Amino acid sequence: SRIARAGTHLVHCPTSNLKLSSGIADVWSMRRAGINVSLGADGAACNNTLDIFQEMRLAGLLATYLHGPGTLSSADILDMATRGGARALGWERDIGSLEAGKRADIVVLRLDRPHTLPADGATLADRIVYSGRASDVEHVIVAGQLLVENGRLVHGDWSSLAAEASQARAAVMQRAVLPTP
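K.L.:
Run through the nonpolar core, naming residues and quoting values.
P.N.:
Side chains of a nonpolar character, in soluble globular proteins, are inclined to be buried together. Counting residues in hydrophobic clusters, the biggest one holds 17 residues, and the most contacted among them are Leu39, Met56, Leu72, Ile77 and Met80. Of all the secondary-structure elements, those providing two or more residues to this core are strand 2 (36-39), helix 4 (52-67), helix 5 (74-89), helix 6 (124-131) and strand 4 (137-142). With 4 residues, helix 4 is the single largest residue contributor to this core. In contact with methionine 56, other than residues within four places in its own chain, are Leu39, Ile77, Leu78, Ala81, Ile128 and Val129.

K.L.:
Which residues make up the sheet that holds strand 5 (residues 145-149), and what are the values?
P.N.:
Whenever strands of a sheet pair, they do so through backbone hydrogen bonds, lying parallel or antiparallel. A sheet is described by the order of its strands in space; here 4 strands give the open sequence 3-4-5-6, paired in antiparallel fashion. The strands lining the two open edges of the sheet, one partner per strand, are strand 3 (106-109) and strand 6 (152-153). In this structure, strand 3 lies alongside strand 4, joined through 4 bridges in antiparallel fashion. In the sheet register, valine 108 faces strand 4, and the bridge partner there is histidine 139.

K.L.:
Quick one: what's the story with the pattern of salt bridges, residue by residue and with numbers?
P.N.:
Taken as a whole and assessed by the stated rule, the structure comprises 9 salt bridges. Among the ionic pairs, arginine 103 bridges to aspartate 105, the shortest N-O distance being 3.5 Å. Put simply, arginine 113 and glutamate 138 hold a salt bridge, and the shortest N to O gap is 3.4 Å. With arginine 113 in the loop between strand 3 and helix 6 and glutamate 138 in strand 4, this residue pair connects regions lying 25 residues apart in the sequence.

K.L.:
Describe helix 7 (residues 158-175), naming the residues involved and giving the relevant values.
P.N.:
For helix 7, with 18 residues, the first-to-last C-alpha span of 26 Å sits near the 26 Å given by 1.5 Å per residue. At the N-terminal boundary of helix 7, the capping side chain belongs to aspartate 157, with an oxygen 2.9 Å from the backbone nitrogen of serine 159.

K.L.:
Would you mind going over a nonpolar patch on the surface in detail, with residue names and values included?
P.N.:
Together, Leu18, Ile24, Tyr65 and Leu66 line one region of the surface with nonpolar side chains, adding up to about 390 Å² of accessible area. A relative accessible area of 41% means that leucine 18 is categorised as partly exposed.

K.L.:
Now, about the environment of aspartate 26: what can you tell me, with residues and values included?
P.N.:
You can see aspartate 26 is positioned in the loop between helix 2 (14-19) and helix 3 (27-32). Put simply, aspartate 26 and leucine 66 are 40 residues apart on the chain and 7.4 Å apart in space, counted from C-alpha to C-alpha.

K.L.:
Residues and numbers for the layout of surface pockets, please.
P.N.:
The gaps of empty space that remain are located by a probe, the size of a water molecule, rolled over the atoms. Counted as a void, the largest pocket has a volume near 1,600 Å³. As for the largest pocket, its lining consists of 42 residues, of which Ile52, Phe53, Ala81, Thr82 and Val107 are closest to the centre. Secondary structure elements with two or more residues in the lining of the largest pocket: strand 2, helix 4, helix 5, strand 3, helix 6 and strand 4. Per-class residue counts for the lining of the largest pocket are 27 nonpolar, 8 polar and 7 charged.

Parameters at a glance
- Residues numbered from 1 in each chain as written.
- Predicted model: local features only at pLDDT ≥ 70, side-chain atom pairs only at ≥ 80, totals over all residues.
- Heavy atoms only, no water.
- Core = buried A, V, L, I, M, F, W, Y, C linked by side-chain atoms within 4.5 Å.
- Buried < 20%, exposed > 50% of the residue type's maximum accessible area, 1.4 Å probe, protein only.
- Helix = DSSP H or I, 4+ residues; strand = E, 2+ residues; numbered from the N terminus.
- Contact = heavy atoms within 4.5 Å.
- Pairing = 2+ DSSP bridges.
- Salt bridge = Lys/Arg side-chain N within 4 Å of Asp/Glu carboxyl O.
- Expected span 1.5 Å × (residues − 1).
- Polar contact = N/O pair within 3.5 Å; in protein donor to acceptor, adjacent residues only side chain to side chain.
- Patch = residues over 30% accessible without salt bridge, like charges linked within 9 Å, V, L, I, M, F, W, Y side chains within 5 Å.
- Areas by Shrake-Rupley, 256 points an atom, 1.4 Å probe, with all protein chains shown as cover.
- 1 Å grid on protein atoms, 1.4 Å probe; cavity = no way out; pocket = protein on both sides within 12 Å on 5 of 7 lines; lining within 4 Å.
- Points joined across faces, edges and corners; volume = space filled by probe spheres on them.
- Nonpolar A, V, L, I, M, F, W, Y, C, P; charged D, E, K, R; others polar.

Given below as structure tokens:
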């Protein structure tokens, strides 16, 4: 396809597309055409949770709705959320997978909770994509530094982080050129 030949990457934001009634992206056909598709959340105004676990699950369910069961495997969807995102950012040499020479960006999940069980017959990717939740994140390591341990921020707290985010948003909004009505 022209999109694939141009090296264009697409970000699939299923919750946003549904919330805004923008339609259902045919991710299976896009990937089949050689287009790199990653997953995203589009922003708080059109996706209230910004939860990649919800986006993965919904991406799989929508592909099943459009083309039937098994169209996109859980491994395909997990790839979109990890390697696909790294490729879209142009950072695939540094992030997106656990490999020697790449940054040590790791998320450790608890998959022993009732909503992730029973696990018999399910692959790890199935459990992450269809059962995983943001609340299952136990540890987060970025560039080898532990940022979340046992579900809690190692440095700072959520209130401080929220205040910083609000200040950063205000600074961006001041710099933004907004059209006058």
